[in-house]
Amino acid sequence: MTDSKQRPASKALQALTAAAMSLPAYQVAAATRDETARVSVRTALYDEAELDSRQVSSTTTERYDIEIGQLRASAPLGERFSVALDVAYETMSGASPWFVQPDADGAPVQVMSGATIDDARTDLLLSVSRYSASGRRVSVSVGQSTEDDYESQNLGIEVEWEDDDKMTSYTVGGGYASDTITPTDAQTRFPSRPDEEDKQSLTLLGGVSQILGPKTVVQTALSVSYLDGYLSDPYKLVFVDDDLRQDARPDGRWTGAWTTRLRRRFSSVGATAHLDYRLYGDDWEVVSHTVSLSWYQDIGERVTVTPNLRYYSQSQAFFYRPYFRTTRDDNLYSSDYRLSPYGALTIGLAGEYRFDSLSLTGSIEQYESSGDYALGSVVTENPGLVDFTLLAVGLKYAF
Amino acid sequence: MKQITRLVLSALTICLCSACSTTPLKPWERGHLAEPTMSWEPDPLASQLDSHVYFSKEASTGGASVGGGGCGCN
Amino acid sequence: MIRSWLGGALLLFPIAAQAVEIGQVAPETQGPRLLYDHTIDLKELRGKTVLLDFWASWCGPCKQSLPMLDEMRSDLVAAGYPDMFEIIAVNLDEDPEAAKKFLQRYPVSYPVISDPAAELAVLYKIPTMPTTFIIDREGVVVWRHEGFRPAELSDIRRRLVQTMNGEATP
C-alpha cells in the first residue's frame, strides 16, 4: 500500500519491540497460542464391510466393528504456556484376516480368525507448549496406548519458530515410541505365536510453512523414522509351500514421508480448500501416494459443510505374496493385505453447526480399497482388502 | 492415475517455488488466514481418528507432525 | 460507503501522508463510529489524553484486550480521571459487520471507529495486532505498545496515568 521503508526505530521503540509481539489466532504463522480454552467430545462408529463370501473359506465373513469415544481439552496456561489432553477409548469386536490359501484353481482365498476378538484400547496424549516472545513454540508430549495385548508409550518434542516478517515458519521435531506386544493364546492354542515381543521407533521431522498471500498458506514437511524390533503380526499366518508359518517381517524398517499441505481461502464464496499430498517410501519397498482434497463451505453464519475426497495407492512389500509356492532364502513372509499392492478411495462429508460457544459436528466417510484402484497394475488382489464406513458425531465448546 | 499424480506434484512444486517471492503481509491483512477453516487441522479429533484408522489399515506412516503411538490393531 | 467517506476525509489533510512516529503530533484521526451513527475526530479530543487501540475481530489477543481496556477505563473514571482521557478503538476488519458481531459479544463503553481500508493502520504503521498508542493532551504520540498480554495491562495503565498527569514525555 504505502511506506514499505522502515525507518530506524527510536530508542524507546527498540526497547518496546523487545517486549511481547502477539499475532492473531490459529496457525497464521503457527507459533501463536490459542487464547481460548476448548473442550471437544466425539463418538464414532467404525464398521468394516463383510468380505465377499466367494473369497473367504471360513464360516464368518464379518470383520471388525469399533466404537470410539474421544475427548480433547486444551487451554492456555499462565502467560506463556498451553496444555492439551487427548483421550480416546475404543472397544473392538469381530474377526480379522488370519491367512490366505489357494483354492483348487490357485486363486487366493482368505481364512478369517475363528473366534470373535474382543478388545479395548485406551489412548492418552498430554502435550504442553511454551510460546516465547520472539514467536517460538516448544511443545513436549507424552502418550500412552493400552490394550489387553499391547502397550505403547511415546514421547515427542517439537520446536517451531518464525521469520521476522512472520511469513515463514519452521518446525523441527523428534519422537520416540516403545511398544510391547503380549499376544493372547500364545503357546497354548497357538504354539508358534510369540508370547512377548517389543519394538522401538524413532522419528525425526523438519518442515516449513509459508504464507503465499492474504488467502494462501502452504506447508511442506519431511519425516524419517526407524523402527526396530518385532515388526511382524503375531496373529497372522502365511501359507508357504503347503505349510502354515508365522508372519515374519524384517526386524528393522526405515520409512520416509514427504507431506505438503495447501490451504486457500475463497472469501467471495465463503469457502476454504485443503489440498494435501504425501509421498511415502520405506526399505520394505512400499511406495505410496496419498492425495486428499476438502472443501469447507460456509452456509450462512452458523453452518459449514465439508465434502472430502482421499485417494491412496501403495506398492507391495518385497516379502509379500498372497501365498507362497516356495520358501524364501531370507525367511521373510507376509500375506497381510496391508503390505499388498492396492489403491483406496475415501469419500466423505462433514458438517458443523455453530451456536454461540457450542458447535455440533457430524461426519460420514466411506472407504473402499481395490487392486483396480492402484496406480500400478495389480496381478493378484489380496482377498482381505478392507472397506469401511466411519460415522461420527461430536460437540465442541469454546470457553 | 499416473498423470494425476504428476499433475499434483508439479502444481505443488510451482506453489513452493512461488513462495520465495511473496511480499510480507501487513498485520491487518491476516484476517483470512485466521479463519478457523484455514488451520492445518480444523477438527483435531477428526484428524486424529482418521490418521489412526489409516495408520492401522495401510502400510504408510508419518506426516507433518510428531506424536501418537502404535497399536496392535488387527 | 464507509470506505469512501473515510478515504475522502483523510485526503483533505496532507499531513496524513507521513507515517506516525513517537514524539510526533498525532495526525488527523477520524472515522465513522461503529454501532452508532456519528463520527469521531481525534482533534475534538485535544486537551484529553487519548489511548488509541488498533484491533480486529479475528485477532486472538484482542478478545482479551478490549474487555480489559474497558474495565481499566471504568476503573480510571471511578478513580477520578473522568474527563481527562478517552479510549478510541480503531477496527481494521475488512468487513465491519464482523467487528459489530465481536462488539455484541464483547461490548465496550468507549467509541470504536471503523477503518476497513486500513488507511489509519498505514498512517500509524501498525506493526502487529493489536497495537496501542498513547497520545497526550497536546496531541503528541508519547507511547506505542505492540501486542497484548493480560500482564501488560498494568504497564498500559501506568503510562496512561503518567500521561494524564503530564509526567510522560516521548
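Criteria and cut-off values
- Residues numbered from 1 in each chain as written.
- Chains lettered and ligands numbered in written order.
- Predicted model: local features only at pLDDT ≥ 70, side-chain atom pairs only at ≥ 80, totals over all residues.
- Helix = DSSP H or I, 4+ residues; strand = E, 2+ residues; numbered from the N terminus.
- Buried ≥ 20, exposed ≤ 12 C-beta atoms within 10 Å, placed from the backbone.
- Pairing = 2+ DSSP bridges.
- Axes fitted to C-alpha atoms, helices over the stretch in contact; angles between N-to-C directions.
- Contact = placed C-beta atoms within 7 Å.
- Expected span 1.5 Å × (residues − 1).
- Arc of directions from axis to C-beta.
- pLDDT = per-residue confidence, 0-100.
- Core = buried A, V, L, I, M, F, W, Y, C linked by C-beta atoms within 7 Å.

> An account of the overall build of chain A is needed here, citing residue identities and associated values.
The helix and strand tally for chain A stands at one helix and 20 strands. By its C-alpha atoms, chain A is 85 × 40 × 40 Å across when sized along the principal axes. Counting only residues that meet the buried cut, chain A has 39% of its 399 residues in that class.

> Quick rundown of the sheet that holds strand β7 (residues 141-146) of chain C? Include the residues and the values.
Residues and elements named next belong to chain C. The sheet built from five strands is open, its strands ordered β5-β4-β3-β6-β7 with mixed pairing. Looking at strand neighbours, the two that pair on one side only are β5 (112-114) and β7, the edges of this open sheet. On average, each strand axis in the sheet is tilted by 20 degrees relative to the strand beside it, whichever way the strands run. As defined by bridge partners, strand β3 (residues 49-55) adjoins strand β6 (residues 131-135) across five bridges and the pair is classed as antiparallel. Within β6, the residue paired with Leu 52 across the bridge is Phe 133.

> Describe the environment of Ser 363 of chain A, and please don't skip the residues or the numbers.
Assignment of secondary structure puts Ser 363 of chain A in strand β19 (residues 358-370). A C-alpha to C-alpha distance of 15 Å links Ser 363 of chain A and Glu 67 of chain A, two positions 296 residues apart in sequence. Beyond its immediate sequence surroundings of up to four residues, Ser 363 of chain A is in contact with Gly 348, Leu 349, Ala 350 and Ala 392 of chain A together with Ala 46 of chain B.

> Tell me about the environment of Asp 86 of chain A, and name the residues and values.
Structurally, Asp 86 of chain A is set in strand β3 (residues 81-94). Assessed through the 22 C-beta atoms surrounding it within 10 Å, Asp 86 of chain A is described here as buried. Residues contacting Asp 86 of chain A, with those up to four places away along its chain left out, are Arg 72 and Leu 125 of chain A together with Gln 48 of chain B.

> How would you sum up helix α5 (residues 153-164) of chain C? Please name residues and give values.
Residues and elements named next belong to chain C. Taking 1.5 Å of rise per residue, twelve residues should cover 16 Å, and α5 covers 16 Å from first to last C-alpha, within 8% of that figure. Those residues of α5 lying buried are Ile 156, Leu 160 and Thr 163. Down the axis of α5, the buried side of the element spans an arc of 65 degrees, and every buried residue falls inside it. Opposite the packed face of α5, turned more than 90 degrees from it, sit the exposed residues Ser 154 and Arg 158. Packing partners of the buried residues in α5 comprise β3, β4 (85-91), β6 and β7. Gly 166 lies just past α5 and shows a positive phi near 70 degrees.

> Lay out the confidence of the model for chain A with the relevant residues and their values.
With 91% of its residues at a pLDDT of 70 or more, chain A shows a mean pLDDT of 87. Across residues 1-30 of chain A, where pLDDT falls below 50, the model places 69 contacts with residues more than four positions away in sequence or in other chains.

> I'd love a proper account of the pairing of strand β2 (residues 65-77) of chain A, names of residues and values included.
All names here are of chain A. Pairing of strand β1 (residues 38-48) with β2, which is carried by ten bridges, proceeds in the antiparallel orientation. Bridge pairing in β2 places Arg 42 opposite Gln 70. Here 13 bridges tie β2 to β3, and the two strands are oriented antiparallel to one another. In the sheet register, Leu 71 faces β3, and the bridge partner there is Val 87. Hairpin remark: β2 followed by β3, antiparallel, with three residues in the connecting loop; positive phi at Gly 78, about 60 degrees.

> Talk me through the interface of chain B and chain A; I want residue IDs and the actual numbers.
Facing 47 residues of chain B, the contacting portion of chain A comprises 86 residues. Counting residues per element, the ones that place at least two in the side of chain B that touches chain A are α1 (2-18) and α2 (44-57) of chain B.

> Give a description of the nonpolar core that names residues and reports values.
Counting 47 residues, the largest nonpolar core has Val 50, Trp 55, Ala 56, Val 90, Ala 121, Tyr 124 and Ile 135 of chain C as its most contacted members. Once residues within four sequence positions are removed from consideration, Ala 56 of chain C is found in contact with Trp 28 and Gly 31 of chain B together with Cys 62, Asn 91, Leu 92, Asp 93 and Met 129 of chain C. Among the nonpolar cores identified, the runner-up in size contains 22 residues, and Ala 44, Ile 66, Ala 88 and Tyr 312 of chain A belong to it.

> Give me the pairing of strand β10 (residues 197-213) of chain A: which residues, what numbers.
All names here are of chain A. With 14 bridges connecting them, strand β9 (residues 168-181) and β10 associate as antiparallel partners. Along β10, the bridge assignment pairs Val 172 with Gly 206. Two elements, β10 and strand β11 (residues 216-229), share 14 bridges in a ladder whose sense is antiparallel. Across the sheet, Leu 205 pairs through a bridge with Ser 223, a residue of β11.

> Residues and numbers for helix α2 (residues 62-78) of chain C, please.
Residues and elements named next belong to chain C. Helix length check: α2 (17 residues) gives 24 Å between terminal C-alpha atoms against 24 Å at 1.5 Å per residue, within 8%. Residues of α2 that are buried: Cys 62, Ser 65, Leu 66, Leu 69 and Arg 73. Seen from one end, α2 has its buried residues packed into an arc of 95 degrees, which puts them on one side. Exposed positions of α2 whose direction lies more than 90 degrees from the buried face are Ser 74, Asp 75 and Ala 78. The secondary structure elements touched by the buried residues of α2 are β3 and β4. In the segment just after α2, Gly 80 is the residue with positive phi, at about 100 degrees.

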